[in-house]
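Observations on the model geometry
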Amino acid sequence: MIIPFPKDTLQKLSLISFAQAMLVMMGDTRRVVGFHPTELIIPTFRRKFMDAVLELDDGVLLNIEFLTGNLVEKFLLRCAQYAINLRVISGRYVETKILSTGSRSQSKSIAFISRIFHFRPEIYFYSEFDGLEKLINIKNKISNQEKLTLMDRYNLVFIPLMGNVDRVKAAFEVFNIANNSNLFTEDEQSEIKRCQYIVAQIIAEDDDELLEKFWEIIKMNNDFLVRYEQDLIDKNTQEVTEQVKKSIAKKLKDCLSDLEIAKRTGLSLEEVQQL
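These numbers come from a predicted model, not from an experiment. (Residues numbered from 1 in each chain as written. Predicted model: local features only at pLDDT ≥ 70, side-chain atom pairs only at ≥ 80, totals over all residues. Heavy atoms only, no water.)

Moving on, we come to the side chain of Asn63. Mapping Asn63 onto the fold places it in strand β5 (residues 61–67). Classification of Asn63 by relative accessible area gives buried; the value is 0%. Only 3.0 Å separates the side chain of Asn63 from the backbone oxygen of Ala52, close enough to count as a polar contact. Residues in contact with Asn63, not counting those within four places in the same chain, are Met50, Asp51, Ala52, Val53, Tyr82, Glu95, Thr96 and Lys97. (Helix = DSSP H or I, 4+ residues; strand = E, 2+ residues; numbered from the N terminus. Buried < 20%, exposed > 50% of the residue type's maximum accessible area, 1.4 Å probe, protein only. Polar contact = N/O pair within 3.5 Å; in protein donor to acceptor, adjacent residues only side chain to side chain. Contact = heavy atoms within 4.5 Å.)

Moving on, we get to the environment of Ile123. Topologically, Ile123 is positioned in strand β9 (residues 122–125). Exposure remark for Ile123: the relative accessible area of 10% places this residue in the buried category. Separated by 52 residues in sequence, Ile123 and Leu71 place their C-alpha atoms 9.4 Å apart. Residues contacting Ile123, with those up to four places away along its chain left out, are Leu71, Ile98, Arg104, Lys108 and Ser109.

This next bit is on the pattern of salt bridges. Evaluation of the coordinates by the stated rule reveals twelve salt bridges. Its salt-bridge partner being Glu122, residue Lys97 comes within 2.8 Å of it at the nearest N-O pair. Of the two residues, Lys97 is situated in strand β6 (residues 94–100) and Glu122 in strand β9; the sequence distance between them amounts to 25 residues. Residue Lys97 is classed as buried on the basis of its relative accessible area, which comes to 2%. Ionic pairing is found between Glu188 and Arg153, a salt bridge with its closest N-O pair at 3.4 Å. Highlighted residues: Glu188 in helix α6 (residues 186–204) and Arg153 in helix α4 (residues 150–158), separated in sequence by 35 residues. Shared partners join several salt bridges into a network, and the residues in it are Asp28, Arg30, Asp58, Glu95, Lys97 and Glu122. (Salt bridge = Lys/Arg side-chain N within 4 Å of Asp/Glu carboxyl O.)

Looking now at α4. Because each turn of an α-helix spans 3.6 residues, side chains separated by three or four positions in sequence point in the same direction. The buried fraction of α4 amounts to seven of the nine residues, a majority that puts the element mostly inside the structure. Of all the residues in α4, the buried ones are Asp152, Arg153, Tyr154, Asn155, Leu156, Val157 and Phe158.

On average, the protein chain scores 83 in pLDDT, and the residues at 70 or more come to 80%. In the model of the protein chain, strand β3 (residues 47–49) stands out as the element of lowest mean pLDDT, 58, in contrast to helix α3 (residues 131–143), which has the highest, 97. Low pLDDT, under 50, characterises residues 1–5; the predicted model gives this stretch 15 contacts beyond four residues in sequence or across chains. (pLDDT = per-residue confidence, 0-100.)

It is worth spelling out the pairing of β6 at this point. Among the seven residues in β6, five count as buried, and that is most of the element. The sheet contact formed by β5 and β6 spans seven bridges and is parallel. Pairing of Leu67 across the sheet is with Ser100, part of β6. This β-α-β element, β5 to helix α2 (residues 73–90) to β6, shows right-handed connectivity. Bridging between β6 and β9 involves four bridges; their strand directions are parallel. When the sheet's bridge partners are listed, Leu99 is paired in β9 with Tyr124. (Pairing = 2+ DSSP bridges. Right-handed = clockwise from strand over helix to strand, strands pointing away.)

Our next topic: the packing of aromatic side chains. For the structure on display, the rule yields six aromatic pairs. Between the aromatic rings of Phe175 and Phe214, the centroid separation amounts to 5.2 Å while the plane-to-plane angle is 90°, which identifies the pairing as edge-to-face. Taken together, the positions of Phe175 in helix α5 (residues 167–177) and Phe214 in helix α7 (residues 208–218) put the pair 39 residues apart, joining distant regions of the chain. Across this residue pair, the class does not change: Phe175 and Phe214 are buried. (Phe/Tyr/Trp six-rings, centres within 6.5 Å; stacked < 30°, edge-to-face > 60°.)

Our next topic: the pairing of β5. Consecutive side chains of a regular strand alternate in pointing toward one face of the sheet and then the other. In terms of burial, β5 is a largely internal element, seven of the seven residues being buried. With burial as the criterion, each face of β5 is covered, one bearing Leu61, Asn63, Glu65 and Leu67 and the other bearing Leu62, Ile64 and Phe66. Sheet topology places strand β4 (residues 52–56) next to β5; four bridges connect them, and they run antiparallel. Paired with Leu54 across the strands is Leu62, a residue of β5. Hairpin connection from β4 to β5: four residues lie between these consecutive antiparallel strands, with Gly59 at a positive phi of about 90°.

Here you go:
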């Protein structure tokens, strides 16, 4: 199974499993207390979806956006739009952090809304993290029979995308480490592997032979892909069911009240009113 838009999928999957580790990696000491809805209904009634919004223990909503490549002003302006609309809708303070696979020297860091109004999010580049240092630290822990932390598990996913490593060689190393069932619970191993599978696609690019070699290692000792495919099936089934409900609700608009339509379809009154 080849996953479409692998970089976006990787980031979102990793956030679900490693949100707190991601925050620590960015030097933020606050705690993640929940996930906030990522959908925005802006005045034009066009739906906008942010990559991820975390609820932090100080009440702030943190929008984390992921970008493949270098940052351009158009992308930053879109992030600014997200922040402003989320602030208006939620009534809470909003912060933006961006994780990019590009380089700082070739990226924009500020969006100029006007001469005096600037949008300057916090930006982090994977290439600026020392992947070799993190890999050596993990291998030393394993040799000393120390328990690997959430951050270590997160790094086992992203080390091949970091700086100071041979990407292919590092990928083989971290994929093999993830196969050690003595180091992880079954769920931890599954979380790592489903993200590593996407990393493998990113690194292999169009090299099918290399991807097959990666796959032979990743698929060992865990049925993570079966679980992942079932999750996708369940998600798609739910989405189709919602679409059918809304289609039926629209047809009933001319003959029933919104409240009655909500009762018959199982949609919320607000959802019916927006149709």
